Structure formats: structure tokens, C-alpha cells
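Coordinate analysis (summary)
The primary structure of each chain is shown beneath.
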Amino acid sequence: MFNLPRGTRDFSSKEMQKRRYIEEIMRSTFNSYGYNEIQTPTFETLELFKAKSGQEIMEELYFFKDKGNRDLALRPELTAPVIRFYVDKLQMEPKPIKLFYFGNCYRYDRPQKGRYREFRQAGCEIIGTNSPQAYAELITLAYKILENSGVADLKLNIGNLTILSSIFNQYKLTRDQQKYLIPLIDKSLFDDILIALKDFGIKSADAENLIDLLQSTDLKTIKNFLKDDSVKNEIEQLEQTLRLLEKAFGIKNYQIQMNIVRGLDYYKGIVFEIEAPILGAEKQLCGGGAYELISLFGGREAPSAGFAIGFDRTIVALESENYEFPITKLDIYVIPLGEDIIEIAIQIVQTLRNKGFTVDLDLLNRGLGKSLKYASSLNAKNVIIIGSNEIEQDSVTIRDMETGKQKLIKIKDIAEFIC
Ligand code: HAM
């Protein structure tokens, strides 16, 4: 009768169990790195997202007018909202400030596997430091969240937009020319880049050299090429970040990749992406880096960096790698045999729930056979059967659903027996 809006999904209780399980691993990893969770609204003023990206972002935004004629938009990401929150209320807090969030985002993307119009991000922002140890820790955190979640095959690519722009400047490429090249670089369309560079009047040998630099995974080659002294500091910072990443945090599985340009306009300096190669086209699980938004939003400029992990893609990657999600089981299913037993059965259920067990109770009075079938469809570990015989002895029958073995246990000893 009614269809789901394109690019959105329903999640069954089985899928929600998987999602909550992975979300908890991610949350506890954020916590273990000293990050604190925050939440911002699902919609914001349209201006917030246009402030940096201008009219271009409208293509991918869900925006609307509310009944008071205000222009609003569903958030396409959470960095701009978090920085708005920071400028408004958190500027006076001791630095660095480490914030993390989970939230649904909305983009008018072309839906396909791993690409949705409503999707969930797990992300974080660190404000008030641009030290190499902060960046190395940030990248480690992104990597560890995915590793702890169970994704087996990960590829971490690290780039730097200040260095990339210095390479462009050395080739005397104008702003417009750079703007034209960026989407091509993002998609690694090197043949098209070569044609464009030739159109811009760059000699063949120089154009090929530039393409080699964009594909280079060796920082030394890039360092030797760059003549501009002002970028030296950025390179040294990057080298120190990589040293700490490798030697102190133990993350050796990474590559320098100068062709990381990132889709959003606010980045400056170090940027990184993590991919799950098993996913093919939509393989990017995480993207982030250093950026400048605070002064644009009216705050006192402070260094800031962060990343966001595509939560849905992480689940798709785990499923593609045949990850075994734990099955959530119900501790106890209680079956009262007869109307007169319901009251005492409810008292037993409530006592066990208060002790922390997950407990469900037969609400249909449909007899033992059908109730046992229903209990096994709920993945119950134990069934408590209460009939008048049991009550006469202040006891219940406990059935272990795995072995099928049954035992008569005193009501006061149920919790201890089941533990
Ligand atoms: P982003 O690269 O646009 O960065 O998004 C981060 C991640 O969200 C992507 O790597 C991808 O896994 C997931 N994602 C993006 N679009 C979709 C979609 N349509 N369907 C499913 N998943 C998607 C940001 O959003 C920045 N705010 C990250 C950041 C935080 N940078 C600094 N701080």
C-alpha cells in the first residue's frame, strides 16, 4: 500500500541487534580514547550547511520551509552542527575538547548498496590542538573503531591538502583549474587529468610528473619536488604524525596518498580515509581530517579535526566478510499452566527481571507444547514451567532449552540455579 521512500530502510529486530552490538563497541572505543558523547538536532538552519559550501551543496540537501517560513535542512553530516554547538556553548571549556556522536544523516544521493539517502554516522571532533600526537591518536582511533568492530581487511590512506595545493601552485594552476581537477582526482581519473593538464597548457612531461606525484606513496619524492619553504613545516608535522602513528600507536598498515581530496569544502591540512576493499564501489568506511569552520561560524579560531565512519557501510562490510554476530538470547521464558497460576507467575517474572535477567511471560495461555515452540523461536535459554504440582512444593520446573533437561527448583533458588 505504502512504499518506503527511496534510499531509506526498515531494520528488523535481528538487524537492530547487530547494529546495537556494533554501536556499543564503537561507543566504548570512543570512550576509551577520552571522547565524550554529544547529540545535536536532526535538522538545522539551511544557512549552516551553505555557509562553507555555498549553493553547490543544495543538490544533495533535503531542505524545506517550516510553518514559520524558516529555511531548514536535514543534516547531511555532523561536523558543521557540532562546530555550531561548540561556538554557541562550549568555547570556554578547557582544551582540547573531544566530542563524539552517532546520528542519522540525509543526502539526496543515488541509492545503491552501501549508499542510502538516510544513513547513520559515528564520528568525532577534537578542538584545540593540531599537534602531531593529536592527529596520530585521531587516525588510530578511527582505525581501532573499525578493527574492534571486527572488519578484517582495512586500507588506511593519508593525504594532506596543504601539500597538494602547494604542488598545484608550483605548476601555476589557477584556482578555477584546481577546482576543475579536484573531482577528477577524487575519482582517480588520471587519463582525464592528463587531458585537462594539457588543455591548461602544461607540457606533457610536467603533466606526467604531476600525475606521478598524485599517485606517489612516498613522502620523500613529494618533499624533494616541493620548492616552497612555507610548506616545509606542514611536511615535518606530517612526518612526525606518521612516526607516532607507526612507532607509538603501532598502526603500520597505511599509505600516503596525495590524491585524497575529500568531498567537503572545509578541510585544510591532513586528511585521511579508511576503506574496506571487499565493498567495491562504495568501499569508503571513514573519512576525516583537519578543517577550518570555527571562525566562519563566528567563534575564536582554534585548530579542529575529526572523522566520521559510515555506520551502515561498516555493517555491510562485516556481513560481506561473513562476520559472526552474536545471537541475543532471552534468559528465561515463563509458562504458567492454568489461570490460577498467573498471579504467582507474574511475581516470579518481576523478581527475576529486577535481578537483571531478560524474561518473557506467556501471555496467551496456549498450553505447554505451543508455548515451548514459541520460546524456542525467541531463542530462550531456559523455560520455567509452573503448574499446580510445582506450586504445592514452592517450586518451578526449569527446562534447559539446549539440552532439553528439566529440574524441579525451589522458587527462592531460581536466580542462583540459572546463573
Ligand atoms: P564524509 O566522507 O562525507 O565525511 O562521510 C563519512 C562517511 O559516511 C563516508 O566515509 C561513508 O562511509 C559514509 N557515507 C557518506 N555518504 C553516505 C551515504 N549516502 N550512504 C551511506 N553512507 C554514507 C563527513 O561526513 C565529515 N563530516 C567527516 C568529518 C568529521 N570530518 C571531520 N570531522
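Okay, so let's go over this structure.

Calculation criteria
Residues numbered from 1 in each chain as written. Predicted model: local features only at pLDDT ≥ 70, side-chain atom pairs only at ≥ 80, totals over all residues. Heavy atoms only, no water. Helix = DSSP H or I, 4+ residues; strand = E, 2+ residues; numbered from the N terminus. Rg over C-alpha atoms; globule rule 2.2 N^0.38 Å. Buried < 20%, exposed > 50% of the residue type's maximum accessible area, 1.4 Å probe, protein only. Contact = heavy atoms within 4.5 Å. Areas by Shrake-Rupley, 256 points an atom, 1.4 Å probe, with all protein chains shown as cover. Phe/Tyr/Trp six-rings, centres within 6.5 Å; stacked < 30°, edge-to-face > 60°. Lys NZ or Arg CZ within 6 Å of the ring centre and 35° of its normal. Near = heavy atom within 4 Å. Polar contact = N/O pair within 3.5 Å; in protein donor to acceptor, adjacent residues only side chain to side chain. 1 Å grid on protein atoms, 1.4 Å probe; cavity = no way out; pocket = protein on both sides within 12 Å on 5 of 7 lines; lining within 4 Å. Points joined across faces, edges and corners; volume = space filled by probe spheres on them. Nonpolar A, V, L, I, M, F, W, Y, C, P; charged D, E, K, R; others polar. Core = buried A, V, L, I, M, F, W, Y, C linked by side-chain atoms within 4.5 Å. Pairing = 2+ DSSP bridges. Axes fitted to C-alpha atoms, helices over the stretch in contact; angles between N-to-C directions.

We now examine the overall build of the chain. Tallying secondary structure elements over the chain gives 15 helices and 16 strands in all. The globule rule puts the C-alpha radius of gyration for 419 residues at 22 Å, and the 28 Å found for the chain is more than 25% above it. For the chain, the spread of C-alpha atoms along the three principal axes comes to 95 × 55 × 45 Å. Across the 419 residues of the chain, 49% fall into the buried class. For the chain, the share of sequence-separated contacts (at least 6 apart) that also reach a separation of at least 24 residues comes to 68%. Approximately 21900 Å² of the chain is accessible, and the part contributed by carbon and sulfur atoms is 48%.

Turning to the packing of aromatic side chains, a few remarks are in order. Overall, the coordinates contain 14 aromatic pairs when judged by the stated rule. Ring centres of F30 and F307 lie 6.1 Å apart, and the angle between their planes is 15 degrees; on these two criteria the pair is classed as stacked. Of the two residues, F30 is situated in helix α1 (residues 13–32) and F307 in strand β11 (residues 304–310); the sequence distance between them amounts to 277 residues. The exposure classification of F30 matches that of F307, with both residues buried. On the basis of an interplanar angle of 65 degrees and a centroid distance of 5.7 Å, the ring pair of Y333 and Y374 is categorised as edge-to-face. You can see Y333 sitting in strand β12 (residues 330–336) and its partner Y374 sitting in helix α13 (residues 368–377), a full 41 residues away along the chain. Its relative accessible area of 33% is what places Y374 among the partly exposed residues. Here the aromatic residues F30, Y35, F100, F102, F272 and F307 are joined through ring pairs into a cluster of three or more. The cationic tip of R117 hangs over the ring face of Y108; the distance from NZ or CZ to the ring centre is 3.9 Å. Sitting above the plane of the F225 ring, K227 keeps its charged end 5.9 Å from the centroid.

Here the focus is the site of the ligand. As a structural note, the neighbourhood of the ligand is formed by 27 residues, with E77, T79, E125, Y267 and Q284 the closest of them. Between the ligand and the protein, one listed contact pairs a nitrogen atom with a side-chain N or O atom of Y267 at 2.6 Å. Separating a nitrogen atom of the ligand from a backbone N or O atom of F307 is a distance of 3.3 Å. Of all the secondary-structure elements, those providing two or more residues to the shell around the ligand are β6 (118–127), β10 (284–291) and β11. Here the shell around the ligand takes six residues from β10, the largest share from any one element.

Gaps between atoms show up when a probe of the same size as a water molecule is rolled over them. Counted according to the given criterion, the structure contains one cavity of 30 Å³ or more. Counted as a void, the largest cavity has a volume near 90 Å³. In terms of lining, the largest cavity is formed by L48, F49, K52, S53, I57, E77, A80, L264, D265, Y266, L293 and F297. Along the lines of polarity and charge, the residues of the lining of the largest cavity split into eight nonpolar, one polar and three charged.

Formed by 111 residues in total, the largest nonpolar core has its most connected members in F30, L156, I158 and F307. A total of 10 residues in this core trace back to one element, the largest contributor, which is helix α4 (residues 132–149). Contacts of I158, omitting those with residues within four sequence positions, involve I139, L238, L242, L245, Y254, Q255, I256, Q257, I260, I270, V271 and F272. Counting 18 residues, the second-largest nonpolar core is a separate cluster that includes L352, L361, I398 and I414.

In this section: the pairing of strand β5 (residues 97–106). Burial runs high along β5: nine of the 10 residues are buried. Summarising the sheet, strand β1 (residues 36–37) and β5 pair through two bridges and their orientation is parallel. From the neighbouring strand, N36 faces β5, where its bridge partner is L99. One ladder, built from 10 bridges, connects β5 with β6; its direction is antiparallel. Paired with L99 across the two strands is E125, which belongs to β6.

Ordered in space as β13-β12-β14-β15-β16, the five strands form an open sheet in which the pairing is mixed. Both outer strands of the open sheet, β13 (359–361) and β16 (406–410), are each paired with one neighbouring strand and no more. Between one strand and the next, the sheet's axes are offset by a mean angle of 25 degrees, whatever the strand orientation. In the sheet, β12 pairs with strand β14 (residues 380–386) via six bridges, with the strands oriented parallel. Across the sheet, residue I335 finds its bridge partner in β14, namely I385. Lying on the sheet, helix α12 (residues 342–354) is in contact with β12, β13, β14 and β15 (395–400); it crosses β13 at an angle near 165 degrees. Each of β12, β14 and β15 touches α13; the most contacted strand, β12, lies at about 165 degrees to it.

This part covers the sheet that holds strand β2 (residues 43–45). Backbone-to-backbone hydrogen bonds join strands into a sheet, with any given pair of strands oriented parallel or antiparallel. Strand order in this open sheet of three strands is β2-β4-β3, and the pairing throughout is antiparallel. Unpaired on one side and paired on the other, β2 and β3 (63–65) mark the two borders of the sheet. Sheet twist, expressed as the average angle between the axes of neighbouring strands with direction ignored, equals 35 degrees. Sheet topology note: the β2/strand β4 (residues 71–74) ladder contains three bridges and is antiparallel. Considered in β4, the bridge of E44 is made with A73. Sheet strands touched by helix α2 (residues 46–53): β2, β3 and β4. Its angle to β2, the strand with the most contacts, is close to 65 degrees.

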